Amino acid sequence: MKNNLKLLRKQRKLTQVGLQMKLGIDQALLSKFENGERVPPTDTLLLLADFYDVSIDYILCRTDKPEINK
């Protein structure tokens, strides 16, 4: 599964450990999410989308537009 999680994290100059400290998501899981080895559960997708201020569709590469449709 292709996703934008690594791009979003790097844009904010965070390491996986830094993101782990901010959100409480295990670093090993973050790595698997970023590499497409696992799909984040819905609650984690919501947490990441809120943190990065982007849509879940953007995280999952269903759109190129990071804006949230409200």
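In this text the structure is predicted, and so the values were computed from the model without any measurement.

Draft legend 1. Geometry of the nonpolar core. Within the largest apolar cluster, 15 residues are counted, with the highest numbers of intra-cluster contacts made by Leu19, Leu48, Tyr52 and Ile59. Each residue touching Tyr52, except ones within four places of it in the same chain, is listed here: Leu5, Leu8, Arg9, Arg12 and Leu19.

Draft legend 2. The arrangement of the side chain of Ser55 in detail. Inspection of the secondary structure assignment puts Ser55 in the loop between α4 (42–52) and α5 (56–59). In this structure the side chain of Ser55 is engaged in a polar contact, spanning 3.0 Å, whose partner is the backbone nitrogen of Tyr58. Beyond its immediate sequence surroundings of up to four residues, Ser55 is in contact with Ala49, Thr63, Lys65, Pro66, Glu67 and Ile68.

What counts and what doesn't
- Residues numbered from 1 in each chain as written.
- Predicted model: local features only at pLDDT ≥ 70, side-chain atom pairs only at ≥ 80, totals over all residues.
- Heavy atoms only, no water.
- Core = buried A, V, L, I, M, F, W, Y, C linked by side-chain atoms within 4.5 Å.
- Buried < 20%, exposed > 50% of the residue type's maximum accessible area, 1.4 Å probe, protein only.
- Contact = heavy atoms within 4.5 Å.
- Helix = DSSP H or I, 4+ residues; strand = E, 2+ residues; numbered from the N terminus.
- Polar contact = N/O pair within 3.5 Å; in protein donor to acceptor, adjacent residues only side chain to side chain.

Purely geometric stuff here, so don't read any function into it on its own.
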